[in-house]
Structure formats: structure tokens, C-alpha cells
Amino acid sequence: MNKISAAITCVSGYVPEYRLTNKVLETMVDTNDEWIKSRTGIEERRILKGEGLGSSDMAVHVVNDILKKRGIKAEEIDCLVCATVTPDRIFPATGNIICGKTGLVNAFSYDIEAACSGFLFSLTTATALVESGRYKKVLVIGVDKMSSIVDYSDRTTCILFGDGAGGVLLEPNEEGLGIQDSILKTDGSGERFLNMKAGGSVKPPSVESVMAKEHYIFQEGQTVFKFAVKGMADVSYELMQKNNLTADDIAWLVPHQANLRIIDATANRMDLPKEKVMININKYGNTTNATIPLCLWEWEPRLKKGDNIILAAFGGGFTWGATLIKWAY
Ligand code: UT7
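Our subject in this report is the structure included herewith.

Rules behind the numbers
- Residues numbered from 1 in each chain as written.
- Predicted model: local features only at pLDDT ≥ 70, side-chain atom pairs only at ≥ 80, totals over all residues.
- Heavy atoms only, no water.
- Buried < 20%, exposed > 50% of the residue type's maximum accessible area, 1.4 Å probe, protein only.
- Helix = DSSP H or I, 4+ residues; strand = E, 2+ residues; numbered from the N terminus.
- Pairing = 2+ DSSP bridges.
- Near = heavy atom within 4 Å.
- Polar contact = N/O pair within 3.5 Å; in protein donor to acceptor, adjacent residues only side chain to side chain.
- Areas by Shrake-Rupley, 256 points an atom, 1.4 Å probe, with all protein chains shown as cover.
- Nonpolar A, V, L, I, M, F, W, Y, C, P; charged D, E, K, R; others polar.
- Domains from an automatic or database assignment.
- Axes fitted to C-alpha atoms, helices over the stretch in contact; angles between N-to-C directions.
- Contact = heavy atoms within 4.5 Å.

## Side note on the pairing of strand β1 (residues 5-14)
Reasoning step 1: Where burial is concerned, most of β1 is hidden: nine out of the 10 residues are buried.
Reasoning step 2: Here β1 pairs with strand β7 (residues 163-173) via nine bridges, running antiparallel. Bridging from a neighbouring strand, I8 pairs with L170 of β7.

## Focus: the site of the ligand
Reasoning step 1: Around the ligand, the structure places 23 residues, and the nearest of them are T31, R155, Q222, N259 and N286.
Reasoning step 2: Here a nitrogen atom of the ligand sits 2.9 Å away from a polar atom, N or O, in the main chain of R155.
Reasoning step 3: The separation between an oxygen atom of the ligand and a polar side-chain atom of H256 is 3.0 Å.
Reasoning step 4: The fraction of the free accessible surface of the ligand (960 Å²) that becomes covered by protein chains is 74%.
Reasoning step 5: For the shell around the ligand, the secondary structure elements donating two or more residues are α2 (33-40), α6 (155-158), α8 (221-242) and α9 (260-270).
Reasoning step 6: No other element matches the five residues that α8 contributes to the shell around the ligand.
Reasoning step 7: Of the residues contributing to the shell around the ligand, the split by class is 10 nonpolar, nine polar and four charged.
Reasoning step 8: Looking at which domains feed residues into the shell around the ligand, each of domain 1 (5-176) and domain 2 (180-326) supplies at least three.

## Section: helix α4 (residues 94-102)
Reasoning step 1: Within the sequence span of α4, burial applies to T94, G95, I97, I98, C99 and T102.
Reasoning step 2: Downstream of α4 by one or two residues, G103 has phi in the positive range, about 75 degrees.

## Section: the sheet that holds strand β11 (residues 252-255)
Reasoning step 1: Taken in spatial order, the four strands of this open sheet run β8-β13-β12-β11, and their pairing is mixed. At either margin of the open sheet sits one strand with a lone partner, and together these are β8 (178-186) and β11. Pairwise comparison of adjacent strand axes, ignoring direction, gives a mean angle of 15 degrees for this sheet.
Reasoning step 2: Where strand β12 (residues 308-315) meets strand β13 (residues 319-326), eight bridges bridge the pair, whose relative direction is antiparallel. Pairing of L311 across the sheet is with T323, part of β13.
Reasoning step 3: Sheet strands in contact with helix α11 (residues 291-299) are β11 and β12, and its direction is about 140 degrees off that of β11.

What follows is the structure in C-alpha cells.
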């Protein structure tokens, strides 16, 4: 019997309607369209508006669309892995809430928190579930309502982030297609450069922590930038070397969308022309766990069976990694 691999068999994405443009941000903080575009590549981002709506509400669109596109019933899903840094609540897991809202009554589910690399870490975990032969249909969802943790009076962070959701269905494949390899890394010394200061067990929420604005994203942008450029480029190159691939063998690079300059550095290191790089940061900004599946969703009609695709990410933790896929349909 052929070895079972885990293949992506369906992709979907969802972004909320409201567009927060650079022009609007100019009215909120001391910034300008030219600075934002030249330093980050971002023109606008989507924001989830509406009282009582959270990450799970965006993910529901993704799950329902995958079930419809693939022509399967909610009961057939065995597991849902949700990557997020903006869970609906600290607990229960947002994955559980998504299953409840979409009728995935036979699935077990949980969240994975690896900041902007969460989708890749989740994909690797879900791949192992499918490769084990025990699970046939596993959903991997990347979702973030970044607007819920962004300080819209801080110009160094509020220009960067947007809300969105994306996801893939993993199924067994006996042709050797699907997820081939991944290299994932963590460096805990990155904690101090990108974090949320309060709200966890070290510093539970208090009147003081709210007054000190400690429930928002804190980032030392320049330091994170330096680590990200090196980390994402090096790991993507390492994965190519490990799998004996040259730039000609690679159909697409799917980079985490944090900054156009980080994406360009990664593509350069891999010697890939721009035409092979998925970029939609201009429209959505950094949606953290949703960036990679949102790209796959947008480019899905152009992907061909057998295409070698490298996914790459870098994020808080620090966490980073790259995954090699042979597209299965
Ligand atoms: O996805 C998770 C991982 N995160 C990342 O990968 C993000 C990595 N970091 C970055 O993408 C970049 O560091 C930023 C986009 C956050 C900042 O770009 P930068 O080129 O590193 O700018 P900077 O922080 O060095 O700031 C340059 C100047 C400063 O002014 P002075 O000191 O030179 O006078 C800032 O105060 O730009 C100023 N500045 C702004 N000006 C206009 C900072 N933010 C803004 C702004 N509008 N929004």
C-alpha cells in the first residue's frame, strides 16, 4: 500500500466588508499614505464591524464555503485545528466555537497559538493526523480579528493589521501529492519584542492594565523586521536545499504578508521572480493567521496539480517556518 500523504483538497477565505484605507488612517494618527505604502506595501485592510462579532464569525464563512465547494456534510469532518491570536475568548477554544456554529458534530477541535506562524504550525500538526491514517477530513483554519487588539492611536502598529479568515481541507492522498516537508522554528528570546503585555496569567487584566493600554499589540518594529527578513528568507532557502529544489522547480511562494520588504527579501534569497510570489498585503494588511490561506484562496484558480509551492512565515515568539506542498488538484 502506498504511504498516505495529506493533501489540501479545498481552500476558502473570508474578509469583512469594511475597508480601512490609508486615507482614513491619516485622519486618525500622524501618518500618510506614501509612508505606509513605501514602508509596508499596504493600501487598505478589512475590519470586522458589529457588536458581539469575533474571530469565529469570520471562520464560519470559511468552513461553510469549504463544505459547499467540496460537496461534503458537516458530520464528515473529523477534526478542526484553529490558528489564532485573537480567540473569541481565552477559553474555550475558538475551534470548539466554530464547530458549534457550523454543526461539525463529529469533529474534535482545538486552537494553536504560534502568532503569525500559527497557520503553518497548525498545518504541520494536522498533516500528521491525516498521515497517521486515523483521520480522513481535517480542517485547518487561520483566523484573526486583529482590530480587537490594535491601539488605533499608535501609528507604529495600527497601520499594519487587518481582519480576515482562511482555511484548507486536508484529506489522505495516495499519489504522493500534498504536504511534503516543513521546517518550523521557535526562539523564545523574541518574547520581549512582540507581545501583549497584560491579560495572561503573568499580568491578569486590571483597571491599571487597561489604563496603561497593555491589552494591545506591542512591537519593536525594527528589531522584529531584522529577525523576520533573516528568519523567513533563511528557512525558505533551507527547505529548498533540503529538498534539492532550484527556483525553476518552484511554481509559487506563499509568504506571510507582514511587510512587502520582508516578502521581497525572501523571494530574492530564493532567486524567485516576482511573478511567482503571491502578494495581497496591499488589500488586506497583516491578518496574522489568515494571510497564507487568504493567498491560496485568491490564487486557487491558477494552481495546477503537481505545482511545488513553498509557504513561509515569521511571527511573534519568535516563530517561523516554511512548508513544501505538491498541489493536489
Ligand atoms: O507579522 C508579525 C511580524 N511583524 C513584522 O514582521 C513587522 C516587522 N516590522 C516592520 O514591518 C517595520 O519595522 C515597520 C513597518 C513596523 C516600521 O517600518 P520601519 O522602516 O522599521 O520604520 P521605523 O520603525 O524605523 O520608523 C522610521 C520612522 C520613525 O521616525 P524617525 O525616528 O526616523 O523620525 C518613526 O517614528 O518612521 C516613523 N513612523 C511613522 N511615520 C509615519 C513610524 N510609524 C509611522 C507611521 N507613519 N505610521
